[in-house]
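Observations on chain architecture
Listed below are the residues making up each chain.
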Amino acid sequence: QVQLVESGGGVVQAGGSLRLSCAASGRTFSPYTMGWFRQAPGKEREFVARIWWSGGSTYYGDSVKGRFTISRDNAKNTVYLQMNSLKPEDTAVYYCNSRTNIDYWGQGTQVTVSS
């Protein structure tokens, strides 16, 4: 079993920045990838970013390319999402994801960007 705990959400003005963290724990934690998804009210969950745990390759959704950066600290079992140049349309609940042959999800953290 893997537990994921997100933190770092909040309210920020458009153009501002936030950094999300996701700390993983569990005896079986050995993911292929870690990632971030988001879900705005009335919309489907959307892919944001992913990082390969071994090697560190990254992949981003089109709506966040050039503004968001995903990174990891393997020693701390933690993945980060640095979000810059935030827009009101980035407002959503952000979920951390750990993927092997099973998907694990965190409880989510709210990000609100005011105009």
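Here goes a summary of the coordinates provided. (Residues numbered from 1 in each chain as written. Predicted model: local features only at pLDDT ≥ 70, side-chain atom pairs only at ≥ 80, totals over all residues. Heavy atoms only, no water.)

Once that is clear, we can look at the overall build of the protein chain. From N to C terminus, the protein chain includes zero helices and eleven strands. A globule of 115 residues ought to have a C-alpha radius of gyration of about 13 Å, and the protein chain, at 13 Å, matches this closely. Along the first, second and third principal axes, the C-alpha set of the protein chain runs to 40 × 25 × 20 Å. A burial count over the protein chain gives 43% of its 115 residues as buried. Relative to all contacts within the protein chain whose residues are 6 or more apart in sequence, the contacts with residues 24 or more apart total 51%. About 6,100 Å² of surface is accessible on the protein chain, with carbon and sulfur atoms providing 47% of the total. (Helix = DSSP H or I, 4+ residues; strand = E, 2+ residues; numbered from the N terminus. Rg over C-alpha atoms; globule rule 2.2 N^0.38 Å. Buried < 20%, exposed > 50% of the residue type's maximum accessible area, 1.4 Å probe, protein only. Contact = heavy atoms within 4.5 Å. Areas by Shrake-Rupley, 256 points an atom, 1.4 Å probe, with all protein chains shown as cover.)

Both the distance between ring centres and the angle between the ring planes are used here to describe each pair of aromatic rings. Tallied over the entire structure, the rule returns four aromatic pairs. A ring pair is formed by F37 and F47, whose centres lie 5.6 Å apart and whose planes are at 75°; its orientation type is edge-to-face. Of this pair, F37 sits in strand β4 (residues 33-39) while F47 sits in strand β5 (residues 46-52); the two residues are ten residues apart in sequence, bridging distant segments of the chain. Residue F37 is classed as buried on the basis of its relative accessible area, which comes to 11%. Ring plane angle 70° and centroid distance 5.1 Å describe the contact between F37 and W105, whose orientation is recorded as edge-to-face. Remark: W105 occurs in strand β10 (residues 103-105) and F37 occurs in strand β4; sequence separation between them is 68 residues. What makes W105 partly exposed here is its relative accessible area of 35%. Clustering of aromatic rings is evident, with ring pairs tying together F37, F47, Y59 and W105. Over the aromatic face of Y95 sits the side chain of R45, whose NZ or CZ is 3.9 Å from the ring centroid. Between the NZ or CZ atom of R45 and the centre of the ring of W105, over which it lies, the distance is 4.6 Å. (Phe/Tyr/Trp six-rings, centres within 6.5 Å; stacked < 30°, edge-to-face > 60°. Lys NZ or Arg CZ within 6 Å of the ring centre and 35° of its normal.)

Moving on, we come to the nonpolar core. In terms of nonpolar packing, the biggest core is built from 29 residues, with M34, W36, V79, L81, M83 and Y94 touching the most fellow members. Among the elements of the structure, β3 (18-25), β4, β5, β7 (68-73), β8 (78-83), β9 (92-99) and β11 (109-114) are those that each provide at least two residues to this core. Examining the composition of this core, we find that four residues originate from one element, β3, more than from any other. (Core = buried A, V, L, I, M, F, W, Y, C linked by side-chain atoms within 4.5 Å.)

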